[in-house]
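Spelled out from the first residue to the last, the chains are:
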Amino acid sequence: MVFPMTISEDIPFGQRRIGTGHPVCIMAEIGINHEGSVEVCARMIEAAARAGADSVKLQTIDADANYVRGTESHTLFSTAWLTPEETAAMFDLARTLGMEPFTTAGDPATLEWVERLEPAAHKISSGLLTHLPIVRQAARTGRTLLVSTGMSQLDEVDEAMAGARAAGAVDIGLFQCTSVYPAPPESANLAAIRWLAERFGVPAGYSDHTLGDEVAALSVAAGAVMVEKHFTLDTTRPGYDHPISLDEAGFAAMVRRIRAAEAAMGRPGKVPVLDETDRARRFRRILVALTDIPAGAVLGPGNLGCKRPLPGTAGLPPRELEALFGRRTARPLARDEAVTLDCIEAER
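Residues numbered from 1 in each chain as written. Predicted model: local features only at pLDDT ≥ 70, side-chain atom pairs only at ≥ 80, totals over all residues. Heavy atoms only, no water.

*Asks:* Teacher, can you tell me more about the nonpolar core here?
*Replies:* Within soluble globular proteins, side chains that are nonpolar tend to cluster in buried spots. The biggest cluster of nonpolar side chains holds 66 residues, and the ones touching the most others in it are I45, V56, M90, L145, I172, F231 and F251. At eight residues, helix α1 (residues 38-51) tops the list of elements feeding residues into this core. Counting residues in hydrophobic clusters, the runner-up holds 13 residues, among them L287, I293, L321 and C343. (Core = buried A, V, L, I, M, F, W, Y, C linked by side-chain atoms within 4.5 Å. Buried < 20%, exposed > 50% of the residue type's maximum accessible area, 1.4 Å probe, protein only. Helix = DSSP H or I, 4+ residues; strand = E, 2+ residues; numbered from the N terminus.)

Laid out in structure tokens, this is it:
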């Protein structure tokens, strides 16, 4: 299966864009940590905004349509459902606070009404990656797809991407993800981020299930252009995703680390920054007279060398050293005096 080998610069995400040249998009994964309370969900969205999140993500899962009765997932999600009206209100709140809302919808009927709320993207979770009917339905909306790749073999990601493309998806982002809760840091496989971007020609990011925020910040250096992290009001609450989440203070600290990492990464290329140009003039060597040299003297290793000069002194660079051996001085030079072109006799 052949995919583009050039990286898509960016993809739309509501009023934002995700990808090269844009700030890392930091997503607060509320999921079902609201436990079915729209009031708690609203408080979480407000807290996420204060913490610096760019986006909030819910999980909009109809338990009966997604899980067999008696399963742990059916029991859990049965207690954590927000109605279409409540979800719409939460989307509106997030937008009012300057964040982009989106969600995971696991069945056709739910995805249909979520689409009417105009989410910033449709999220395809790791558990839905092989659910090609829902992948294709989401792709047909024409909206951006954000796809997590936890638990996946390469051929499964290939198949999901091919299915999405065939159904009309143009804008896709991929998350490197380890679907273990919590995931040990050594399982993060951050090297996969840039690999996914290059193989599939799309922006790639990191969906974090490790404890703390260190790996999330490191993911920026590994090429992540979006970072998703679970969010809660209380990390001590049992069940749901509370234990692997960050609270407001923890999330705010993660945002600061990510922004610091982002600033430190800079841009590709090699040019002096800040006061490096001035420091180069001060610290780099120039050609100087090693001894007092009379006019007409022949220059050589015994009287011409390289030293760091006094501040503000300009002279020829060291690369000219050997080229000047055998040339004569046009005027006398004092010891440690900078050598410039006007000090050298013209070649005959």
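*Asks:* Help me understand the pattern of salt bridges in this model?
*Replies:* Pairs can form between side chains of opposite charge once their charged atoms are near each other. For the structure shown, the criterion picks out 18 salt bridges. Where R116 meets E112, a salt bridge forms, and the shortest distance between an N and an O atom there is 3.8 Å. Placement of the pair is R116 and E112 together in helix α5 (residues 108-116), with a separation of four residues, close to one helical turn. According to the relative accessible area criterion, E112 is partly exposed, its value standing at 48%. When the shortest N-O distance is used, the salt bridge between K123 and E228 registers 3.0 Å. Within this pair, whereas K123 is found in strand β6 (residues 122-124), its partner E228 is found in strand β10 (residues 226-230), the two being separated by 105 residues in sequence. We note that K123, like E228, is buried. (Salt bridge = Lys/Arg side-chain N within 4 Å of Asp/Glu carboxyl O.)

*Asks:* Would you explain a nonpolar patch on the surface in this entry?
*Replies:* Residues V271, V273 and L274 make up a contiguous nonpolar surface patch of about 350 Å² in total accessible area. Inspection of the secondary structure assignment puts V271 in the loop between α10 (248-265) and α11 (276-283). (Patch = residues over 30% accessible without salt bridge, like charges linked within 9 Å, V, L, I, M, F, W, Y side chains within 5 Å. Areas by Shrake-Rupley, 256 points an atom, 1.4 Å probe, with all protein chains shown as cover.)

*Asks:* What's the story with the packing of aromatic side chains in this structure? I'm lost.
*Replies:* Two measures describe an aromatic ring pair: the distance that separates the ring centres and the angle between the ring planes. Under the criterion given, the structure shown has four aromatic pairs. Between F13 and F102 the ring centres are 5.4 Å apart and the planes differ by 80°, which places this aromatic pair in the edge-to-face class. Taken together, the positions of F13 in strand β1 (residues 10-13) and F102 in strand β5 (residues 100-105) put the pair 89 residues apart, joining distant regions of the chain. Overall, the relative accessible area of 0% leaves F13 in the buried class. On the basis of an interplanar angle of 90° and a centroid distance of 5.4 Å, the ring pair of F231 and F251 is categorised as edge-to-face. (Phe/Tyr/Trp six-rings, centres within 6.5 Å; stacked < 30°, edge-to-face > 60°.)

*Asks:* Just checking my understanding: could you explain the side chain of H122 for this structure?
*Replies:* When you line up the elements, H122 lands in strand β6. A distance of 2.7 Å separates polar atoms of two side chains, one belonging to H122 and the other to E115. Excluding residues that lie within four positions of it along the chain, H122 makes contacts with T103, L111, V114, E115, A138, T141, R143, T144, L145 and L146. (Polar contact = N/O pair within 3.5 Å; in protein donor to acceptor, adjacent residues only side chain to side chain. Contact = heavy atoms within 4.5 Å.)

*Asks:* What is the right way to look at the pairing of strand β9 (residues 204-208) in this model?
*Replies:* Along any regular strand, the residues point their side chains to alternate faces of the sheet. In terms of burial, β9 is a largely internal element, five of the five residues being buried. Residues A204, Y206 and D208 point to one face of β9 and G205 and S207 to the other, with burial holding for every one of them. As for the winding sense of the linkage, the β-α-β connection from strand β8 (residues 172-177) through helix α8 (residues 191-200) to β9 is right-handed. The pairing of β9 with β10 spans three bridges and is classified as parallel. Along β10, the bridge assignment pairs D208 with K229. Taken together, β9, helix α9 (residues 214-221) and β10 constitute a β-α-β crossover, and its handedness is right-handed. (Right-handed = clockwise from strand over helix to strand, strands pointing away. Pairing = 2+ DSSP bridges.)

*Asks:* Where do I start with the packing of α5 against helix α6 (residues 132-140) in this structure?
*Replies:* Geometrically, a packed helix pair is captured by the angle between its two axes and the distance between the axes. One way to put it is that α5 packs onto α6 with a least axis distance of 10 Å and a crossing angle of 20°. The angle between α5 and α6 places the two elements in the roughly parallel class. Where α5 crosses over α6, the handedness of that crossing is right-handed. When α5 is examined against α6, the residues P108, L111 and E112 are found in contact with a partner set consisting of I134, Q137 and A138. Looking at side-chain class alone, the contact of α5 with α6 contains four nonpolar, one polar and one charged residues. (Axes fitted to C-alpha atoms, helices over the stretch in contact; angles between N-to-C directions. Parallel < 35°, antiparallel > 145°, perpendicular 65-115°, else oblique. Left-handed = near helix turned anticlockwise from the far one by under 90°. Nonpolar A, V, L, I, M, F, W, Y, C, P; charged D, E, K, R; others polar.)

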